[in-house]
Number of protein chains: 2
Amino acid sequence: MTDMIGLVAAALTTLSFLPQALMVIRTGRTDGISLIMYTMFTAGVTGWLVYGFLLNSMPIIIANLVTILLASVILGLKVRHTLQARAQAATLETSAPSAS
Amino acid sequence: MTDMIGLVAAALTTLSFLPQALMVIRTGRTDGISLIMYTMFTAGVTGWLVYGFLLNSMPIIIANLVTILLASVILGLKVRHTLQARAQAATLETSAPSAS
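Residues numbered from 1 in each chain as written. Chains lettered and ligands numbered in written order. Predicted model: local features only at pLDDT ≥ 70, side-chain atom pairs only at ≥ 80, totals over all residues. Heavy atoms only, no water.

Enquirer: I would appreciate a short explanation of the UniProt feature "transmembrane region" (unreviewed entry) in chain A in the present structure.
Expert: Per the UniProt entry, the sites bearing "transmembrane region" (unreviewed entry) are residues 6-25, 32-54 and 60-77 of chain A in this numbering. Helix makes up 87% of residues 32-54 of chain A and strand 0%. Its end C-alpha atoms lie 35 Å apart. (UniProt positions renumbered as here; feature names shortened; annotations may be inferred. Helix = DSSP H or I, 4+ residues; strand = E, 2+ residues; numbered from the N terminus.)

Okay, structure coming up:
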């Protein structure tokens, strides 16, 4: 019973990142997503993966590998959009006169 | 060493929801956030909390209580905005003629 609750909980928290990853891919938008959150989260899940390897726990390893994969898609797109926005802002700053 | 990695991982994945919660509160926007993700995630973390109580594990209980609190703020605002958007769409449908 306890194991079953743990497994269901692991499946839910791991797979919950799938709809968010699909949403980000589909809309191509990440401005509502926190860069700090996904940086901390991906680092934390990588820590959980190392922890799983040290304990030799296959459930921890598998759950966190899937989560890393999904969170990385979201983080990767967020980083790309952040860099693009910065490059665009820098271009505007040097080529256009200030509005105010 | 193994415990330390687990603790750092737990702190990172738990506290990562703080910047996202603050962002949602500050901007008042949740349209980039997946409703399905936060519904699944909050249900999953509640499962982890029950698992922690069944194992009598204080670290699992505390980490998941904090995560539930932060994820609930995000989910609560997302649900409120989704309901507001639906009510608005229903009002427009009955009061305005169709554009096409």
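On we go.
Enquirer: Is there a simple way to think about the packing of aromatic side chains in this case?
Expert: Aromatic rings in a pair are described by how distant their centres are and how their planes are angled relative to each other. Inspection of every chain in the model, using the stated rule, returns 8 aromatic pairs over all chains. With a centroid separation of 5.8 Å and an interplanar angle of 80°, the aromatic rings of Phe41 of chain A and Phe17 of chain B are classed as edge-to-face. With Phe41 of chain A in helix H3 (residues 35-55) and Phe17 of chain B in helix H2 (residues 17-27), the pair connects residues from two separate chains. An aromatic cluster is present here, built from Phe17, Tyr38 and Phe41 of chain A together with Phe17, Tyr38 and Phe41 of chain B joined pairwise through their rings. (Phe/Tyr/Trp six-rings, centres within 6.5 Å; stacked < 30°, edge-to-face > 60°.)

Enquirer: Which parts of the structure should I look at to understand a nonpolar patch on the surface?
Expert: Residues and elements named next belong to chain A. A contiguous nonpolar surface patch, about 350 Å² in accessible area, is contributed by Leu15, Met58, Ile62 and Val66. Sort the elements by how many residues they give to the nonpolar patch and helix H4 (residues 58-95) lands first, with 3 residues. Mapping Val66 onto the fold places it in helix H4. (Patch = residues over 30% accessible without salt bridge, like charges linked within 9 Å, V, L, I, M, F, W, Y side chains within 5 Å. Areas by Shrake-Rupley, 256 points an atom, 1.4 Å probe, with all protein chains shown as cover. Salt bridge = Lys/Arg side-chain N within 4 Å of Asp/Glu carboxyl O.)

Enquirer: Sorry if this is basic, but what is going on with helix H3 (residues 35-55) of chain B here?
Expert: An α-helical segment advances 3.6 residues per turn. Residues three or four places apart therefore align on the same side. If you check H3 of chain B, its first and last C-alpha atoms are 30 Å apart, about what 21 residues at 1.5 Å a residue would give, namely 30 Å. Every buried residue belonging to H3 of chain B is among Met37, Tyr38, Phe41, Thr42, Gly44, Val45, Gly47, Leu49, Tyr51 and Gly52 of chain B, and all of these are buried. Check the buried side of H3 of chain B and you find it contacts helix H1 (2-15), helix H2 (17-27) and H3 of chain A together with H2 and helix H4 (58-95) of chain B. The backbone nitrogen of Ile36 of chain B lies 3.4 Å from a side-chain oxygen of the residue at the head of H3 of chain B, namely Ser34 of chain B. Two residues or fewer past H3 of chain B, Asn56 of chain B is found with a positive phi of approximately 60°. (Expected span 1.5 Å × (residues − 1). Buried < 20%, exposed > 50% of the residue type's maximum accessible area, 1.4 Å probe, protein only. Contact = heavy atoms within 4.5 Å. Polar contact = N/O pair within 3.5 Å; in protein donor to acceptor, adjacent residues only side chain to side chain.)

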